[in-house]
Amino acid sequence: MRDAETTLAIIRERGRRGLNLEDLYRQLFNPDLYLRAYGRIYRNAGALTRGVTEETVDGMSLAKIEALIDDIRHERHRWTPVRRVLIPKSNGKMRPLGVPTWSDKLLQEVMRSLLEAYYEPQFNAHSHGFRPGLGCDTALQDIAQNWKGTKWFIEGDIKGCFDNIDHQVLLSILRDKIHDNRFLRLVENMLEAGYMEQWVYHPTLSGAPQDGIASPLLANIYLDQFDRHVEQMICPNYTKGQAKKIDPEYVRLCKKRSVAKGKGDLATYRELGRVLAKMPSQVSHDPVYRRLKYVRYADDFLLGFVGPKREAEAIKASLGEFLRDHLKLELSPDKNSDHPRRNRTGAVPRL
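Reading guide: rules and limits
Counting of residues starts from 1 at the beginning of each chain's written sequence and follows it residue by residue. The model is predicted, so local features are restricted to residues of pLDDT at least 70 and side-chain atom pairs to those at 80 or more, both for listing and for counting; the totals for chains, interfaces and linings are taken over all residues. Based on all heavy atoms of the structure, the side-chain values leave hydrogens and waters out of the count. For the purposes of this entry, the term helix denotes a DSSP run of H or I that reaches at least four residues, the term strand denotes a run of E that reaches at least two, and both are numbered from the N terminus. C-alpha atoms define the radius of gyration in this analysis, and the globule rule sets the expected value at 2.2 Å times the number of residues to the power 0.38. Any residue under 20% of the maximum accessible area for its type is buried, any over 50% is exposed, and the rest in between are partly exposed; the area is computed with a 1.4 Å probe on protein chains only. Here a residue-residue contact requires only that any non-hydrogen atoms of the pair lie within 4.5 Å. Surface exposure here means Shrake-Rupley accessible area, sampled with a 1.4 Å probe, where a residue is shielded only by the protein chains that are shown. Residues scored as positive are Lys and Arg, those scored as negative are Asp and Glu, and His as well as the terminal groups of each chain are ignored. Working definition for charges: the position is that of NZ of Lys, CZ of Arg, CG of Asp or CD of Glu. Working rule for helices: expected span equals 1.5 Å times residues minus one. Fitting axes to the seven residues that end at a residue and to the seven that start at it, the angle between those axes gives the bend at that residue. Lines fitted to C-alpha atoms define the axes here, with helix axes fitted over just the stretch in contact, and angles between the N-to-C directions of these axes take values from 0 to 180 degrees. Roughly parallel means an angle under 35 degrees; roughly antiparallel, over 145; roughly perpendicular, 65 to 115; everything else is oblique. Helix crossings get a hand from a simple test, with the near helix turned counterclockwise from the far one by less than a right angle marking a left-handed crossing and a clockwise turn marking a right-handed one. One bridge is not enough; two strands pair if DSSP finds at least two bridges between them.

A. Representation of the overall build of the protein within the structure. Scanning the protein from terminus to terminus reveals 12 helices and 10 strands. Relative to the 2.2 N^0.38 estimate, which gives 20 Å for 351 residues, the radius of gyration of the protein is 26 Å and therefore markedly larger than a compact globule would have. Projecting the C-alpha coordinates of the protein onto the three principal axes gives extents of approximately 90 × 45 × 35 Å. By the burial criterion, 44% of the 351 residues in the protein qualify as buried. Once local pairs closer than 6 in sequence are excluded, the contacts in the protein between residues at least 24 apart make up 76%. For the protein, the exposed area adds up to about 18,900 Å²; of that, 49% sits on carbon and sulfur atoms. Charged side chains in the protein number 56 positive and 46 negative. The centres of these two groups are separated by 9 Å.

Below, the structure written as structure tokens:
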């Protein structure tokens, strides 16, 4: 049997080439993937935190890995409901925290590594959340380097994204590329395992497991549909013109300044320099020029638009419609104003 890195490299290459995945479930029989997963998560703060059973990272052994693989091989593995507790947030509200059992954490990490190897090469370049080597800093760098001249910021936060992921939509997205019903059934059972709160069982009819190891990746796979829609359908419709027209007044003053310099009129030359430094060299509203940029970090996204306000509002409305109609998600009313925000200072916005 291949070692873990070789297996992941082969899957990664299939993802890079856009080839479908088959027989993925059999990769879960590879003990080296579990050893790799153990090495990645055994130091996590929650490794010693119990779920609904007494099992933790303590006492982990090759025998336990072999027993877990044997259950998976014969399709006997059953996901255990996570133990849900409420923890305080910085704003005084409470956030639900899900604690899986250790065996479920280990299996989730193996599944996550397989899915990440395949989907990571296919993700949109403007998605920065929960991805290797990417984060808030790279998202802000993208904005600072490529969003020059932005007039409107179109902000969006998806309402309860992790809690409202539609299971059937997610499985349909996975089924498009992964042609392995056993693996998909394992994912579906994980999504529907439910949770225990105050030792009362609650089913999970939607959403990814709270604080599940695989949940951030599943959310990125889900929202990649949104990324593709923005990049392939929205941005091309609002990207027009080679460059903005040069402001005639700016050109006139430049010529006047040049003449002043030639005549040795340094006072006029310096004064016109100060005036030009405060003026845009291009017209503010070019009717044939549009630019639209996009970036997403987890369930927050931001678009930078060069164009009129009415079109910025239309863009925002169309984004909400796509989320509702295709992904069964909604924009959060608490973090989304009715109108786009104007960029008055040119400062990089905070994500």
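There is more to say, and it comes next.
B. Spotlight on helix H9 (residues 215-237). Spanning 23 residues, H9 covers 33 Å between terminal C-alpha atoms, matching the ideal 33 Å at 1.5 Å per step. Along H9, the sharpest kink reaches roughly 35 degrees, centred on Leu 223.

C. Local environment of the packing of helix H3 (residues 62-73) against helix H4 (residues 102-119). Between H3 and H4, whose axes approach to 12 Å, the crossing angle comes to 70 degrees. On the basis of the axis angle, H3 is roughly perpendicular to H4. Crossing geometry of H3 relative to H4 is assigned as right-handed. On H4, the residues that touch Ile 65, Leu 68 and Ile 72 of H3 are Ser 103, Leu 106 and Leu 107.

D. Layout of the sheet that holds strand E7 (residues 200-202). Strand order in the open sheet formed by 4 strands is E3-E2-E6-E7, with mixed pairing between adjacent strands. The sheet is open, and its two borders are formed by strand E3 (94-99) and E7, each paired with just one other strand. Strand-to-strand twist of the sheet, defined as the mean angle between neighbouring strand axes without regard to direction, takes the value 40 degrees. Both strand E6 (residues 195-197) and E7 contribute to a ladder of 3 bridges, which runs antiparallel. Following the sheet pairing, Tyr 195 is matched in E7 by His 202.

E. Region of interest: unusual backbone geometry. We note that Phe 130 has phi near 55 degrees; this positive angle belongs to a residue other than glycine. Mapped onto the elements, Phe 130 comes out in the loop between H4 and helix H5 (136-146). Taking the relative accessible area as the measure of exposure, Phe 130 reaches 43% and is therefore partly exposed. A positive phi angle, near 55 degrees, is found at Ala 298, a position not held by glycine. Exposure remark for Ala 298: the relative accessible area of 10% places this residue in the buried category.

F. Examining the pairing of E3 more closely. Sheet topology places strand E2 (residues 82-88) next to E3; 6 bridges connect them, and they run antiparallel. Looking across to E3, one finds that Val 85 is bridged to Leu 97.

Worth remembering: the numbers are spatial, not functional.
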